[in-house]
Amino acid sequence: MKIVTQNACQLCAPLGASLVFKGIKNCVPLLHGSQGCATYIRRYLISHFREPIDIASSSFTEETAVFGGEKNLRQGLDNVIRQYEPDVVGIASTCLSETIGDNVPSILKEWLKDRSVESSIRVPELVQVSTPSYSGSHSTGFHQTVLALTSTFAGTFTEKEESCDSHDLNLFPGMISTEDIRNLKYWLGLYGIKGMILPDYSESLDGPAWYDYQKIPGGGCPVESIKVSSRAKLSLELSGTLDDDESSAFWLFRNKGVQAYSLPQPIGIDLSDLFFSRLSDLSGRDLPDILAAQRGRLLDAYADAHKYLYGRKAVVFGEKDHVLALSVFLEEIGIIPVLCATGEGKGLKSAMDTCLKKPEEVEVLDYSDFDEIEKRAAALSCDLAVGNSKGYKLSKSLGIPLIRTGFPVHDRIGAQRLSCLGYSGTQLLFDRIVNTVMEEQQNSSPVGYTYI
Amino acid sequence: MSESTLLKEREKQIFTKGKDQHEIICDRKSLAGSVSQRACVFCGSRVVLYPVADALHLIHGPIGCAAYTWDIRGSLSSGPELHRLSFSTDLKERDVIYGGEKKLEGSLMTLIDRYNPKAAFIYATCIVGIIGDDVAGICKKVSQSKNIPVIPVHSEGFKGTKKDGYKAACDALFSLVGTGSISKILPLSINILGEFNLAGEAWIIRKYYEEMGINIVSIMTGDGRIDDIRRAHGAKLNVVQCSGSMMPLAKMMEEKYGIPFIRVSYFGFEDMCEALYDVARFFSDEPGVFEKAKVLTAREIERVYKVIKIMGEDLKGKKAAVYVGGAFKAFSLIKALRLVGMDVVLVGSQTGDKEDYKVLKEMCNPGTIIVDDSNPLELSRFVLEKKADLFIGGVKERPIAMKLGIGFCDHNHERKIALAGFEGMLNFVREIHSSVMSPVWKFFPRYNKKCGLL
């Protein structure tokens, strides 16, 4: 591992936790640590989603760091509940509270005990996750939080919840755009599948204009659905890089006997076929006509554009899950993903070896940073960059175009609406890639062709 | 929105002029669970030191703090751009157990060899002290071995508020001041403190002073250079903007080197003129300085006021809300907004002190709400209650305004448009004009309940 990280290609775990909690219905995230953690993460998320994102903090002081965070966490909970009236408070730890050894579960237990006596305050559901930023990345924090929600609530349903909220499919989409979450819902509808999407921040982080400030924006996965997830027929997890012990789908399989599959994010025809075939198996229905038509048009576009792409060399970077699926897709359309990099820990290489047709053409970097990625991309003569907007520096200094996808996109409007999943999302991403290449060719020619 | 959203513990940090009598409580730690807009001690240090462009800025701790502050400010440099890179020791679990000193030392040696900086700032983040790392010791060792200043910045996030971070940054700068040669410094010379060269603002201000015949020894920290900071004690006067952050340094320099300071602001005509006149008055023994300042201000105001006046016609009577980091900026904004006929209905700051709030109380019109260390629920409630047409703030205030259909102007450290000086005032009025006058707002639910989310 490197001695120093230069221009990180990852963020810290509490950011992932906050994002997941924003995808739970009527939930407020509360970070147990310094005020700065919550504020920096808010700022970072707001710059991507361009939505108000309220994240509470237990606002540590020097005293807290010496005597422990119990008093602050209790006060934080009380104030969050008074201000926001949430149904759920999601508590994520930080490096500070973990290092001083706060026992969050026991603090919460005590608080609950006291609050059940005092009736003046409405007690919400609590869920807590351990997310010190010295361990893993934002993506780790994301998956850990989904797992915490699953393991806390699955199977704890009441009779009423079982009859009202049960569904057939648990869908764990991982970190995808709000537009793609909406697409997943639409597709489940086409198949007639009742499903839970955990988390679902498609409305809470991409909402309409407001008349009044929404203390907790609408939408989100209801806790009731998580409770009955143990009764579903199938769990699908869009990742392909998670170990079994990090996986909510496998947790439900091991503990509740729900059948589980983990697939890469469905980007490109191969991976989308795989995904939709699972939905077909579950529902007993063939690929719906609408999707079949989308697939046909996508394939048609592949033919129209194939010559512009063949043999191009791409550098791909971001979260493991996204990099894996992107590289499979790029290989499928004739672009060689010569350099695939993530700031996260191991897991990408073995997944790539399994999923790619020619893994020997690909250099995989894990625990990487943008300094290293830029150096290797230059050495490998990459001519296309695919990933989040933090790759702009690399793209500028190497003089290669950047196709923005994933998280974050801080330098463009509409990151929420960037879609890349399924045939329709792939179509949008594909067109963007091809047009970037065509624009580059057009601009670099002195002739000024108007037909290309 | 229900009354319950205002927390009892915060009542005294909110004040309506003409209605309330209490003294505004401020300078407090943020209340847990209140969703403060403030960041932490580290943030305070990081924003102040960030623009020093030929220094290495190494953040010692887990990855988050460095990742969230990579290229975070719009501070421009006329030369090196080392400040725009993000360096972290990226502490992992085993470093937390066994300590991060070795990693810190290794990181420093590697980075100094590669980038050859003039100095290095080492920011200690939350857990560094708790795991027992002797940051100062490592800094000393590396400094001796590499022969450049390696300065620890005591910026553990929880050890106070953003203001304490400013103080830690001032301490770091102060350790450099006095270590350079002042032999070639001319008599009419100043340091500009608290000007961060966002969108080139420091260059605008420098040009003005130079036109008056004043020499700039150092700007702390906009377009900052270590060698300039080292000889800052050779200046005759410290001109302090953003006094919330830089007063500790000005006071330390006054005490040790006998350099007096004045507080100024470069926003708006009124304060910009005063900032030039005050310096001219200081050098009143020198013939011609004041005259030059007068010529400059008259020329510049004539040049830009024509345009501002036209836009002012549209803005007259519109209402503005202001929520910024330091209160001193709020004073200038109130005056600047008045120049175009706008009324400030809400004003607040993250870090204002008692004196600041006294001034605000005096400046504001009756009915204006004044807030300290506010949060989204309060701010959104007050901007709606007061029917604001414009919100001036930073990234975290932006979506509050835009969701509700209120114009917005970014006056925070991420801005990419120069708002200081006379041309800055022109840009500022253009900014607010283009937001307030945009035709898009008419579709918003506050004007038209039929659409959007009611």
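Residues numbered from 1 in each chain as written. Chains lettered and ligands numbered in written order. Predicted model: local features only at pLDDT ≥ 70, side-chain atom pairs only at ≥ 80, totals over all residues. Heavy atoms only, no water.

### Overview of the overall build of chain A
Secondary structure summary: chain A contains 18 helices and 14 strands in total. Against the compact-globule benchmark of 22 Å for 452 residues, chain A has a radius of gyration of 22 Å, which places it among compact chains. Considering only C-alpha atoms, chain A reaches an extent of 80 × 50 × 45 Å along its principal axes. In chain A, which comprises 452 residues, the share counted as buried stands at 62%. For chain A, long-range pairs separated by at least 24 residues make up 75% of all intrachain contacts whose partners lie at least 6 apart in sequence. (Helix = DSSP H or I, 4+ residues; strand = E, 2+ residues; numbered from the N terminus. Rg over C-alpha atoms; globule rule 2.2 N^0.38 Å. Buried < 20%, exposed > 50% of the residue type's maximum accessible area, 1.4 Å probe, protein only. Contact = heavy atoms within 4.5 Å.)

### A few points about the overall build of chain B
For chain B, the helix and strand inventory stands at 17 helices and 14 strands. In terms of overall dimensions, chain B is globule-like: its C-alpha atoms have a radius of gyration of 23 Å, near the 22 Å expected for 454 residues. Taking the principal axes of its C-alpha atoms as reference, chain B extends roughly 65 × 60 × 40 Å. A total of 454 residues make up chain B; the buried ones form 63% of that total. A sequence separation of at least 24 residues applies to 73% of the contacts in chain B between residues at least 6 apart. Element-wise, carbon and sulfur atoms account for 52% of the exposed surface of chain B, whose accessible area totals about 16500 Å². In chain B, the 63 positive side-chain charges and the 55 negative ones have mean positions that sit 3 Å from each other. (Areas by Shrake-Rupley, 256 points an atom, 1.4 Å probe, with all protein chains shown as cover. Lys, Arg positive; Asp, Glu negative; His and termini not counted. Charge placed at Lys NZ, Arg CZ, Asp CG, Glu CD.)

### Quick notes on the interface of chain A and chain B
Contacts between the two partners involve 66 residues from chain A, matched on the other side by 73 residues from chain B. Taken together, the two surfaces of chain A and chain B that pack against each other cover about 6200 Å², and 63% of this comes from carbon and sulfur. Asp371 of chain A serves as the salt-bridge partner of Arg114 of chain B, at 2.8 Å between the closest nitrogen and oxygen. Summed over the shared surface of chain A and chain B, the number is 27 residue pairs in polar contact (both at pLDDT 80 or more). (Buried area = accessible area lost by both parts, 1.4 Å probe. Salt bridge = Lys/Arg side-chain N within 4 Å of Asp/Glu carboxyl O. Polar contact = N/O pair within 3.5 Å; in protein donor to acceptor, adjacent residues only side chain to side chain.)

### So, helix H14 (residues 320-332) of chain A
Residue and element names in this part refer to chain A. The end-to-end C-alpha distance of H14 is 18 Å, a good match for the 18 Å that 13 residues give at a rise of 1.5 Å each. The element H14 is largely enclosed, with a buried count of 12 among its 13 residues. Within H14, burial applies to Lys320, Asp321, His322, Val323, Leu324, Ala325, Leu326, Ser327, Val328, Phe329, Leu330 and Glu331. Immediately beyond the C-terminal end of H14, within one or two residues, lies Gly334, with a positive phi of roughly 95 degrees. (Expected span 1.5 Å × (residues − 1).)

### Considerations on the pairing of strand E6 (residues 169-172) of chain A
Residues and elements named next belong to chain A. Taking every second residue as pointing to the same face, both faces of E6 are buried, with Leu169 and Leu171 on one and Asn170 and Phe172 on the other. Two elements, E6 and strand E7 (residues 195-197), share 3 bridges in a ladder whose sense is parallel. The residue bridging Leu171 from the neighbouring strand is Ile197, located in E7. Since E6 and E7 lie parallel, the crossover through helix H9 (residues 178-191) that links them has a hand, and here it is right-handed. (Pairing = 2+ DSSP bridges. Right-handed = clockwise from strand over helix to strand, strands pointing away.)

### Quick notes on H9 of chain A
All names here are of chain A. Over its 14 residues, H9 runs 20 Å from end to end, which matches the ideal 20 Å to within 8%, given 1.5 Å per residue. Within H9, the full set of buried residues consists of Thr178, Asp180, Ile181, Asn183, Leu184, Trp187, Leu188 and Tyr191. Looking one or two places after H9, you find Gly192, whose phi comes out positive at around 70 degrees.

### With respect to the sheet that holds strand E13 (residues 384-387) of chain A
Residues and elements named next belong to chain A. Spatially, 5 strands are ordered E12-E11-E10-E13-E14 in an open sheet, and the strand pairing comes out parallel. Bordering the open sheet on either side are strand E12 (363-365) and strand E14 (402-404), each of which pairs with just one other strand. Averaged over all adjacent pairs, the angle separating strand axes in this sheet is 20 degrees, with direction ignored. Where strand E10 (residues 313-317) lies against E13, 3 bridges are found, and the strand directions are parallel. Note on E13: the bridge partner recorded for Val316 is Val386. Packing of H14 onto the sheet brings it into contact with E10, strand E11 (336-341) and E13, and relative to E11 it is tilted by some 170 degrees. (Axes fitted to C-alpha atoms, helices over the stretch in contact; angles between N-to-C directions.)

### What to know about the pattern of salt bridges
All names here are of chain B. Counted under the stated rule, the structure contains 58 salt bridges over all chains. Lys207 is paired through a salt bridge with Glu423; the nearest N and O atoms lie 3.5 Å apart. Taken together, the positions of Lys207 in helix H8 (residues 201-211) and Glu423 in helix H17 (residues 421-436) put the pair 216 residues apart, joining distant regions of the chain. Put simply, Lys207, Glu211, Arg299, Glu300, Arg303 and Glu423 are held in one network by salt bridges that share partners.

### Focus: the sheet that holds strand E2 (residues 55-60) of chain B
Across the sheet, 5 strands lie side by side as E1(A)-E3(B)-E2(B)-E4(B)-E5(B); this open sheet has mixed pairing. The open sheet is flanked by strand E1 (5-6) of chain A together with strand E5 (150-153) of chain B, the only strands paired with a single partner. Bridge analysis of strand E4 (residues 119-124) of chain B against E5 of chain B gives 4 bridges, and the strand direction is parallel. When the sheet's bridge partners are listed, Tyr123 of chain B is paired in E5 of chain B with Val153 of chain B. Here helix H6 (residues 135-146) of chain B sits on the sheet in contact with E2, E4 and E5 of chain B, set at roughly 165 degrees to E5 of chain B. Helix-sheet contacts for helix H7 (residues 162-176) of chain B involve E4 and E5 of chain B, and the interaxial angle to E5 of chain B is about 160 degrees.

### Quick word on the side chain of Ser419 of chain A
Residue and element names in this part refer to chain A. Its place among the elements puts Ser419 in the loop between E14 and helix H18 (422-444). The exposure class assigned to Ser419 is buried, which follows from its relative accessible area of 6%. Polar side-chain contacts of Ser419 include one of 2.7 Å to the side chain of Asp180. Here Asn183 takes part through its side chain, which lies 3.2 Å from a polar atom of the side chain of Ser419.

### What to know about the packing of aromatic side chains
For the coordinates displayed, the defined rule picks out 27 aromatic pairs over all chains. Arranged with centres 6.0 Å apart and planes meeting at 55 degrees, the rings of Tyr44 of chain A and Phe407 of chain A form a pair that is tilted. Taken together, the positions of Tyr44 of chain A in helix H2 (residues 35-49) and Phe407 of chain A in the loop between E14 and H18 put the pair 363 residues apart, joining distant regions of the chain. Each member of the aromatic cluster is reached from another via a ring pair, and the members are Tyr40, Tyr44, Phe49, Tyr201 and Phe407 of chain A together with Phe42, Tyr68 and Tyr123 of chain B. Over the aromatic face of Phe196 of chain B sits the side chain of Arg73 of chain B, whose NZ or CZ is 4.4 Å from the ring centroid. (Phe/Tyr/Trp six-rings, centres within 6.5 Å; stacked < 30°, edge-to-face > 60°. Lys NZ or Arg CZ within 6 Å of the ring centre and 35° of its normal.)

### Comments concerning the packing of H8 of chain B against H17 of chain B
All names here are of chain B. Relative orientation of the contacting elements H8 and H17 amounts to 140 degrees, with a least axis distance of 8 Å. Considering the angle they form, H8 stands oblique to H17. Residues Ile204, Ile205, Lys207 and Tyr208 of H8 lie in contact with H17, whose contacting residues are Gly421, Phe422 and Glu423. Class assignment for the residues of the contact of H8 with H17 results in 4 nonpolar, 1 polar and 2 charged. (Parallel < 35°, antiparallel > 145°, perpendicular 65-115°, else oblique. Nonpolar A, V, L, I, M, F, W, Y, C, P; charged D, E, K, R; others polar.)

### Digging into the nonpolar core
Judged by nonpolar contacts, the single largest core of 148 residues is most densely connected at Phe275 of chain A together with Phe121, Met220 and Met246 of chain B. Those residues within four positions of Met246 of chain B in sequence are excluded, and the remaining contacts are Val48, Cys170, Leu173, Leu193, Gly194, Phe196, Met220, Thr221, Val240 and Gln241 of chain B. (Core = buried A, V, L, I, M, F, W, Y, C linked by side-chain atoms within 4.5 Å.)

### Notes on the environment of Phe282 of chain B
Residue and element names in this part refer to chain B. With respect to the secondary-structure elements, Phe282 resides in helix H11 (residues 269-282). Exposure remark for Phe282: the relative accessible area of 35% places this residue in the partly exposed category. Counting along the chain gives 20 residues from Phe282 to Ile262, while the straight-line C-alpha distance between them is 9.4 Å. Non-local contacts of Phe282, meaning those with residues more than four positions away in its chain, are made with Lys236, Leu237 and Pro260.

### A word on a nonpolar patch on the surface
Among the surface-exposed residues, Val447, Tyr449 and Ile452 of chain A lie close enough to one another that they form a single nonpolar patch of about 310 Å² accessible area. Topologically, Tyr449 of chain A is positioned in the segment after H18. (Patch = residues over 30% accessible without salt bridge, like charges linked within 9 Å, V, L, I, M, F, W, Y side chains within 5 Å.)

### Quick word on the side chain of Thr61 of chain A
Its location among the elements puts Thr61 of chain A in the loop between strand E3 (56-57) and helix H3 (62-67). Judged by its relative accessible area of 14%, Thr61 of chain A falls in the buried class. Sequence-distant contacts of Thr61 of chain A, defined by excluding residues within four places in its chain, comprise Lys29 and Phe158 of chain B.

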